[in-house]
Amino acid sequence: MLERLLALLDAPPAPVQDPARPPFARREIAVVALLVELAQADRALADTELAVIERIVRERFGLDAITAARLIALARTELDAALEDWMFADAVRKGFDAAERVAIVELLWEVVYADGKLARLEGSQMRRVAEELGIGDAERDAARAQAFARSGLARGSGPGTTEAE
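What you see is a predicted model, and the numbers here were worked out from it, not measured in a lab.

A. Up close: the nonpolar core. Among the nonpolar cores identified, the biggest contains 44 residues, and Leu 35, Val 57, Leu 108, Trp 109 and Leu 133 are the most heavily contacted of them. Elements represented by at least two residues in this core include exactly helix H2 (26–39), helix H3 (47–61), helix H4 (65–81), helix H5 (86–95), helix H6 (98–113), helix H7 (120–132) and helix H8 (137–151). In terms of residue count, the dominant contributor to this core is H2 (10 residues). With residues near it in sequence (within four places) discarded, Trp 109 still touches Leu 118, Met 126, Arg 140, Ala 143, Arg 144 and Ala 147.

Pasting the structure below:
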């Protein structure tokens, strides 16, 4: 009996899981933080951008609306607390293979185009993030074209279809 008690005392504590907050992988938090960061690149988080982020998070990670909202809130909190944003790009680079990272860049472009325009700052930030993710210019541009085609802007159905880059 005493031996079992000593063994329990020597064992590392079990992690406490908050049942109200589902566990999210670091790489998931990092992807969502990058989505939010790009949405805020023009210094405003438009409702349309937030709606696109919510849709992407639900679809990409197979989450219901409430769980997706929790993940977004957690990512926003971590992004606000971060001194450097490279840690999110680093987590994505390490957590996903090259093809998955290209798909993530495409999602980032979807968020950028959600408000119907591309600001210069958004374009330069996308170049920087893609580079940090190890995505080359050709892949970044192909991902951009895919996101632009899906956005409805290519057909002229979105607001402010001008591109300023």
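B. Structural context of the packing of H3 against H4. Contact geometry of H3 with H4 gives a least axis separation of 9 Å together with a crossing angle of 115°. It follows that H3 is roughly perpendicular to H4 by the angle criterion. Relative to H4, the crossing made by H3 is right-handed. Only Ala 65, Ala 68, Leu 71 and Ile 72 of H4 make contact with H3, whose side of the interface consists of Leu 50, Ile 53, Glu 54, Val 57, Arg 58 and Phe 61. Across the contact of H3 with H4, the residue classes break down as eight nonpolar, no polar and two charged.

C. Layout of the confidence of the model for the chain. In the predicted model, the chain carries a mean pLDDT of 82, and 78% of its residues have values of at least 70. Scored below 50 in pLDDT, residues 14–19 makes two contacts in the model with residues more than four places away or belonging to other chains. Taken as a whole, residues 157–165 scores under 50 in pLDDT and shows 26 contacts with residues more than four places along the chain or in a different chain.

D. Fine view of the packing of aromatic side chains. Using the criterion set out here, one finds two aromatic pairs in the structure. Taking the centre distance of 5.8 Å and the plane angle of 25° together, the rings of Trp 109 and Tyr 113 count as stacked. Here Trp 109 and its partner Tyr 113 are both found in helix H6, four residues apart, which amounts to about one turn of the helix. Ring centres of Tyr 113 and Phe 148 lie 5.1 Å apart, and the angle between their planes is 65°; on these two criteria the pair is classed as edge-to-face. Taken together, the residues span a long stretch of sequence, with Tyr 113 in helix H6 and Phe 148 in helix H8 at a distance of 35 residues. Residue class for Tyr 113 comes out buried when judged on its relative accessible area of 3%. An aromatic cluster is defined as three or more aromatic residues linked by ring pairs; in this entry it consists of Trp 109, Tyr 113 and Phe 148. For Arg 27, the ring lying beneath its charged end belongs to Phe 96, and the centroid distance is 4.1 Å.

E. Examining the environment of Gly 136 more closely. Tracing the chain through its elements places Gly 136 in the loop between H7 and H8. A sequence separation of 34 residues divides Gly 136 from Val 102, and the C-alpha atoms of the two residues are 9.3 Å apart.

F. Fine view of H8. With 15 residues, H8 extends 21 Å between its outermost C-alpha atoms, agreeing within 8% with the 21 Å of an ideal straight helix rising 1.5 Å per residue. Those residues of H8 that fall on the buried side of the exposure criterion are Arg 140, Ala 143, Arg 144 and Ala 147. Relative to the axis of H8, the buried residues are bounded by an arc of 105° and lie together on one face. Buried positions along H8 lie against H6 and H7.

Thresholds applied
- Residues numbered from 1 in each chain as written.
- Predicted model: local features only at pLDDT ≥ 70, side-chain atom pairs only at ≥ 80, totals over all residues.
- Heavy atoms only, no water.
- Core = buried A, V, L, I, M, F, W, Y, C linked by side-chain atoms within 4.5 Å.
- Buried < 20%, exposed > 50% of the residue type's maximum accessible area, 1.4 Å probe, protein only.
- Helix = DSSP H or I, 4+ residues; strand = E, 2+ residues; numbered from the N terminus.
- Contact = heavy atoms within 4.5 Å.
- Axes fitted to C-alpha atoms, helices over the stretch in contact; angles between N-to-C directions.
- Parallel < 35°, antiparallel > 145°, perpendicular 65-115°, else oblique.
- Left-handed = near helix turned anticlockwise from the far one by under 90°.
- Nonpolar A, V, L, I, M, F, W, Y, C, P; charged D, E, K, R; others polar.
- pLDDT = per-residue confidence, 0-100.
- Phe/Tyr/Trp six-rings, centres within 6.5 Å; stacked < 30°, edge-to-face > 60°.
- Lys NZ or Arg CZ within 6 Å of the ring centre and 35° of its normal.
- Expected span 1.5 Å × (residues − 1).
- Arc of directions from axis to C-beta.

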